[in-house]
Amino acid sequence: MSTTQKTTHTISRDSLLSLEAYARQREEFRAKVMAHKRNRTVHLGAHVTLIFEDELTLRYQIQEMLRIERTFEESGIQDELDAYNPLIPGGRNFKATMMIEYTDVAERARALAKLKGIEDRVWIQVEGCARVYAIADEDLERENEEKTSAVHFLRFELNDEMARALKYGVALSLGVDHRNYQAEIGAVADAVRASLTQDLD
C-alpha cells in the first residue's frame, strides 16, 4: 500500500527512461499523454485554461526536458525531479498549470496588466461544500508591480468530506471571480471529474 502511494506522489530517478529508450517510445508515450490530458483540461472563459497535473503529465514533462536539454548527468536529472515532483497531487489536493492565453501580443500585455491577482481568484467547488480558492505559485513569485504572469501553478486543498463526496460522484464546478475576468463551469464533464478523482487517496 505504501509503495503505491509513494509512486503516486513522486517520480523516482530509477523509473525514468534513458534518452535512448525515451526516443524509441516517445511517439507512443506522447499520444498516451495527450489523450490523458484531454480529460484534465478545463477552459474557463475564452482566455484561461487549467491543466490538472498528475504523475503521468509530469513524467512526460520531465522526459521532454531531459530530451530537449540532452541531460544525462545525475545532477541534471535530479534537478528536473526536484522541480516537477512538488507539482504532483498529494492525495488530498488538485494541482494545475494555469495559462492565460491571448493570440495578439499587445492584447495579452494589456490583459496581464488588468489581471493582476487572478491566480488567487480561481476556485473549485465540490457540490454541497464551500468553494476552495487556489494557493498560487508556491515555487516562485510570478507577478510584479505591473502585471501578472501568463503561467501560474495552482494548488487546491480538499478536506476529507470533499474527497469522499467526489468519489461518491457529486458534481465539481470551477470558476474565476476576478474583478476583470469572470467565468464559471457549473459542472465539469463526468470524464474530467473521474480523472481528477483519481488524484485523491
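Reading the values: the criteria
Residues numbered from 1 in each chain as written. Predicted model: local features only at pLDDT ≥ 70, side-chain atom pairs only at ≥ 80, totals over all residues. Heavy atoms only, no water. Helix = DSSP H or I, 4+ residues; strand = E, 2+ residues; numbered from the N terminus. Expected span 1.5 Å × (residues − 1). Buried < 20%, exposed > 50% of the residue type's maximum accessible area, 1.4 Å probe, protein only. Phe/Tyr/Trp six-rings, centres within 6.5 Å; stacked < 30°, edge-to-face > 60°. Lys NZ or Arg CZ within 6 Å of the ring centre and 35° of its normal.

**Quick look at helix α3 (residues 55-69)**
And then number 1: With 15 residues, α3 should cover 21 Å at 1.5 Å per step; its first-to-last C-alpha distance of 21 Å lies within 8% of that length.
And then number 2: Taken residue by residue, α3 has L56, T57, L58, R59, Y60, I62, Q63, E64 and L66 as its buried positions.
And then number 3: R70 occupies a position one or two residues after α3 and carries a positive phi of about 50°.

**Section: unusual backbone geometry**
And then number 1: Phi at R70 takes a positive value of approximately 50°, unusual for a residue other than glycine.
And then number 2: Within the secondary structure layout, R70 lies in the loop between α3 and α4 (74-84).
And then number 3: Taking the relative accessible area as the measure of exposure, R70 reaches 53% and is therefore exposed.
And then number 4: Positive phi is not limited to glycine here, since D137 has a value of about 55°.

**What to know about the packing of aromatic side chains**
And then number 1: Taken as a whole, this structure holds four aromatic pairs when the rule is applied.
And then number 2: Between F52 and F94 the ring centres are 6.1 Å apart and the planes differ by 80°, which places this aromatic pair in the edge-to-face class. Of this pair, F52 sits in strand β2 (residues 48-52) while F94 sits in strand β3 (residues 93-100), and the two are 42 residues apart along the sequence. For the pair formed by F52 and F94, the shared burial category is buried.
And then number 3: Cluster of aromatic residues (ring-pair linked, three or more members): Y22, F29 and Y60.
And then number 4: The side chain of R131 reaches across the aromatic face of W123, ending 3.7 Å from its centre.

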